[in-house]
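Chain by chain, the residues:
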Amino acid sequence: MLIVMRHGTPQEDIDRVVAIIAEMGYVARPMPGRQRTTVGLVGNDGRVDGSRLEALPGVQEIIHVTKPYKQVSREWKPESTIIRLPGGLSVGGDEVLVMAGPCSVESERQILDAARTVREAGAAVLRAGAFKPRSSPYSFQGLGRAGLRMLARAREETGLLIVTEAMDAEGLDQVLEVADIVQIGARNMQNYSLLKHAGRAGKPVLLKRGLSATIQELLLSAEYILAEGNPQVILCERGVRGFDTVTRNLFDLSAIPVVHGLSHLPIVADPSHGTGHRDMVTPMARAAVAAGADGLLVEVHPTPDRALSDGAQSLYPEQFERMMRETRLIAEAIGRRVAEPVGVRA
Ligand code: PEP
Ligand code: MN
């Protein structure tokens, strides 16, 4: 529920609303705005009787949020959220943020090569996993802490921001030392203890859609992070399991406008995991930007044929360069632009 206060309401009236919400056994989240202050009521699982609040001085109206996710919904916050990142970058506004790099950090040389390559082509964020969720316990599991150190090195060398995955609470604390954006992978989208931990992280979180999660489930998972006090969530469409084997997943392009309608949070697209084949990545990247995606997460490897994970869906450097050129044109056609890497920016 949202309690909308009249323009210019004195602070004591707002404080009274907050106190009464607490008395009713719920949590109040005051949200001062330019036009008016609203006070969110959270902690309810069902409709709350607002009659006591309605009668208080300064209260203009009460809005019942009809969706099961509250703080994530556009009913709660009509204007789109812009998440500010270091170096003047942002996601959720006019700029399309491109995050690119290999699936995994494999060696210092590989990640530095990859970082230079993607930066040269114009990506602003380097992606690569140090902790890898693999289907088989015998597959490469990532370099862990050593991989994080290599990512820190790559940032020092190139100025690229870093997005990398945390698979559990302990790993999250390590990832936070290095990452600008913490990735929560598809397999952990419903790992509620990890989501709560991420809600206390104080850094932006890239939350990937689960392997067979509905859009509502994705938004409810985001709600866990916001409910813990972290409003900086970037959603990511990465395909869901379909019945056809010609693609690795069924890339749900429609999730982009659907999420934009239901939520104020930014949503980016991952056409690499979405399709599983490098030849399909650029067409889907173009389509995602045309559909309004706030960014792209793309796998690029200096030598994809030797990749330790996801080589088949990793772009060759020249393919990525072309993807960037085409993506820029599409972004401009819809009144947006691809974010320039830190250092290149005016
Ligand atoms: C990844 O980004 O490399 C990854 C493991 O993705 P997902 O969680 O979407 O499968
Ligand atoms: Mn991958």
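Residues numbered from 1 in each chain as written. Chains lettered and ligands numbered in written order. Predicted model: local features only at pLDDT ≥ 70, side-chain atom pairs only at ≥ 80, totals over all residues. Heavy atoms only, no water.

(A) Spotlight on the overall build of the protein chain. When its secondary structure is counted, the protein chain shows 11 helices and 15 strands. Taking 20 Å as the expected radius of gyration for a compact globule of 346 residues, we find that the protein chain reaches 21 Å, a close match to that expectation. With the C-alpha coordinates of the protein chain rotated into their principal frame, the extents come out at 65 × 45 × 40 Å. The buried share among the 346 residues of the protein chain stands at 54%. Intrachain contacts of the protein chain at a sequence separation of at least 6 include 69% that bridge at least 24 residues. Accessible area for the protein chain stands at about 14,800 Å²; split by element, carbon and sulfur atoms hold 50% of it. In the protein chain, the 40 positive side-chain charges and the 41 negative ones have mean positions that sit 1 Å from each other. (Helix = DSSP H or I, 4+ residues; strand = E, 2+ residues; numbered from the N terminus. Rg over C-alpha atoms; globule rule 2.2 N^0.38 Å. Buried < 20%, exposed > 50% of the residue type's maximum accessible area, 1.4 Å probe, protein only. Contact = heavy atoms within 4.5 Å. Areas by Shrake-Rupley, 256 points an atom, 1.4 Å probe, with all protein chains shown as cover. Lys, Arg positive; Asp, Glu negative; His and termini not counted. Charge placed at Lys NZ, Arg CZ, Asp CG, Glu CD.)

(B) Layout of the side chain of Asp 270. One can find Asp 270 in the loop between strand S13 (267–269) and helix H9 (271–275). In terms of polar contacts, Asp 270 uses its side chain to reach the side chain of Lys 208, at 2.7 Å. A polar contact of 2.9 Å, which involves the side chain of Asp 270, links it to the backbone nitrogen of Ser 272. In contact with Asp 270, other than residues within four places in its own chain, are Lys 208, Cys 236, Glu 237, Arg 238, Phe 251 and Leu 297. (Polar contact = N/O pair within 3.5 Å; in protein donor to acceptor, adjacent residues only side chain to side chain.)

(C) A look at the coordination of the manganese ion (ligand 2). The protein atoms that coordinate the manganese ion (ligand 2) are Cys 103 (SG), His 273 (NE2), Glu 299 (OE) and Asp 310 (OD), at distances spanning 2.1 to 2.4 Å. Counting gaps between the donor residues of the manganese ion (ligand 2) yields the pattern C-x169-H-x25-E-x10-D. With His 273 in helix H9 and Glu 299 in strand S14 (residues 295–299), the pair connects residues that are 26 residues apart, well separated along the chain. A residue is classified by how much of its surface remains accessible, and His 273, at 9% relative accessible area, is buried. (Donors = N, O, S within 2.8 Å, 3.2 Å for Na, K, Ca; no water.)

(D) Structural detail: the site of ligand 1. For ligand 1, the full set of nearby residues is Cys 103, Arg 127, Lys 132, Glu 165, Gln 183, Gly 185, Ala 186, Arg 187, Lys 208, Arg 238, His 273 and Glu 299. At 2.9 Å from an oxygen atom of ligand 1 is found a side-chain nitrogen or oxygen belonging to Lys 208. Contact distances for ligand 1 include 3.2 Å between an oxygen atom and a side-chain N or O atom of His 273. Notes on ligand 1: free accessible area 290 Å², of which the protein chains cover 97%. Tallied by class, residues from the shell around ligand 1 come to 2 nonpolar, 3 polar and 7 charged. (Near = heavy atom within 4 Å. Nonpolar A, V, L, I, M, F, W, Y, C, P; charged D, E, K, R; others polar.)

(E) Molecular detail of the pattern of salt bridges. Tallied over the full model, the rule gives 19 salt bridges. A salt bridge links Lys 208 to Asp 270; the nearest nitrogen and oxygen atoms lie 2.7 Å apart. In this pair, Lys 208 sits in strand S11 (residues 205–208) while Asp 270 sits in the loop between S13 and H9, placing the two residues 62 residues apart along the sequence. On the basis of relative accessible area, Lys 208 is assigned to the buried category, the value being 4%. (Salt bridge = Lys/Arg side-chain N within 4 Å of Asp/Glu carboxyl O.)

(F) Structural context of the packing of aromatic side chains. All chains considered together, the criterion is met by 1 aromatic pair. For the pair Tyr 192 and Tyr 224, a centre-to-centre distance of 4.5 Å together with 25° between the ring planes defines the contact as stacked. Taken together, the residues span a long stretch of sequence, with Tyr 192 in helix H6 (residues 192–199) and Tyr 224 in helix H7 (residues 215–227) at a distance of 32 residues. Among the residues examined, Tyr 192 registers a relative accessible area of 34% and is labelled partly exposed. (Phe/Tyr/Trp six-rings, centres within 6.5 Å; stacked < 30°, edge-to-face > 60°.)

(G) Seen up close, the side chain of Thr 37. Relative to the assigned elements, Thr 37 resides in strand S3 (residues 37–42). Under the relative-accessibility criterion, Thr 37 is labelled buried at 16%.

(H) Spatial organisation of the packing of helix H10 (residues 278–290) against helix H11 (residues 317–333). Where H10 meets H11, the closest approach of the two axes is 9 Å, and the angle between their N-to-C directions is 20°. Judged by the angle between their axes, H10 and H11 are roughly parallel. Pair H10 / H11 crosses with right-handed handedness. Two secondary-structure elements touch here, H10 through Arg 278, Asp 279, Thr 282, Ala 285, Arg 286, Val 289 and Ala 290 and H11 through Gln 319, Met 323, Glu 326, Thr 327, Ile 330 and Ala 331. Of the residues belonging to the contact of H10 with H11, the class tally is 6 nonpolar, 3 polar and 4 charged. (Axes fitted to C-alpha atoms, helices over the stretch in contact; angles between N-to-C directions. Parallel < 35°, antiparallel > 145°, perpendicular 65-115°, else oblique. Left-handed = near helix turned anticlockwise from the far one by under 90°.)

(I) Inspection of the environment of Val 91 at higher detail. Here Val 91 shows up in strand S6 (residues 90–91). Given a relative accessible area of 0%, Val 91 falls into the buried group. Considering only alpha carbons, one finds Val 91 and Val 4, 87 residues apart in sequence, at a separation of 27 Å. In this structure, Val 91 is in contact with Thr 81, Ile 82, Ile 83, Leu 85, Leu 97, Ile 234, Pro 266, Val 268 and Asp 294, ignoring residues within four places of it in sequence.

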